[in-house]
Amino acid sequence: MIAVMAVVCMTASAQKMRHGAGQITVQPMIGFSSGYLRGEEETATGTVKYENNESRNGLALGVEGEYYTTTPWLSVSAGLMYQQQGWKIKGFDADKVDFINIPVLANFYVAKGFALKIGLQPGFVVSADKGIKDDCNTFNLALPVGLSYEFKNGITLDLRGAAAITKLNKNGNNVKWYNDGGMLTIGYKFELK
């Protein structure tokens with residue numbers, strides 16, 4: 001995916017970013033977050049996949065800094081995001097797991113103000129429901145992908161999904177919980193001089 005984005009971006013000759021090379025922006029962001037349970041459990045009768053669950057929706061809130069490279073279609077960003085994730089299994093109350101995520105992204109600008117994103121996202125569990133808290137690892141690593149559009153006035157819409165790479169549960173090799181997440185945010189980019 002990175003190679004395809006790089007080829008597409010390199011073939012474009014026009015300036016794709018709204019900010020100049022070497023510029024740094026800071027963007028506060030707020031929006032909607034969603035979490036989903038993916039995984040399986042090995043039982044005496046076979047493998048049971050977690051398929052009867054729903055997403056748990058909540059708040060996403062944070063800030064992100066972005067550095068614009070000398071290449072007119074590439075920037076790098078890092079952020080600090082609070083995301084309410086978790087999941088909801090049909091017939092039960094939602095299981096709440098909230099994270100502080102640190103997305104580190106390469107942003108490929110394929111059109112003026114429009115970026116495709118990919119990177120790594122370390123995350124830390126900051127709270128969880130009492131019934132599952134003791135079973136949760138405090139560290140999570142995910143692979144985020146997304147897209148964003150920055151309007152001329154600096155307002156930015158951002159849509160991302162992040163697939164967990166590391167297991168959320170710390171006990172047992174026969175149970176695998178992965179808490180995938182997504183978010184839709186609105187932000188405003190301030191240029192730092």
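Residues numbered from 1 in each chain as written. Predicted model: local features only at pLDDT ≥ 70, side-chain atom pairs only at ≥ 80, totals over all residues. Heavy atoms only, no water.

S.K.: Please clarify how empty space enclosed by the protein should be interpreted in this entry.
M.R.: Per the counting criterion, the structure on display carries two cavities of 30 Å³ or more. Looking at the largest cavity, its volume works out to about 60 Å³. Taken together, Gln83, Gln85, Gln121, Pro144, Arg160, Gly161, Ala162, Gly181, Gly182 and Met183 make up the lining of the largest cavity. Within the residue set of the lining of the largest cavity, elements represented by two or more residues are β11 (155–164) and β12 (175–188). Of the residues assigned to the lining of the largest cavity, the class counts are three nonpolar, six polar and one charged. Considered as a void within the structure, the second largest cavity measures approximately 40 Å³ in volume. What lines the second largest cavity is simply Gln85, Phe99, Asn101, Gln121, Asn140, Ala142, Ala162, Asn179, Asp180 and Gly181. (1 Å grid on protein atoms, 1.4 Å probe; cavity = no way out; pocket = protein on both sides within 12 Å on 5 of 7 lines; lining within 4 Å. Points joined across faces, edges and corners; volume = space filled by probe spheres on them. Helix = DSSP H or I, 4+ residues; strand = E, 2+ residues; numbered from the N terminus. Nonpolar A, V, L, I, M, F, W, Y, C, P; charged D, E, K, R; others polar.)

S.K.: Explain the packing of aromatic side chains to me, please; I cannot follow it from the model alone.
M.R.: The geometry of two aromatic rings is summed up by the distance between their centres and the angle between their planes. A complete count under the given rule lists six aromatic pairs for this structure. With centroids separated by 4.8 Å and ring planes inclined at 75°, the aromatic side chains of Tyr188 and Phe190 adopt a geometry described as edge-to-face. Taking relative accessible area as the criterion, Tyr188 reaches 36% and is therefore assigned partly exposed. (Phe/Tyr/Trp six-rings, centres within 6.5 Å; stacked < 30°, edge-to-face > 60°. Buried < 20%, exposed > 50% of the residue type's maximum accessible area, 1.4 Å probe, protein only.)

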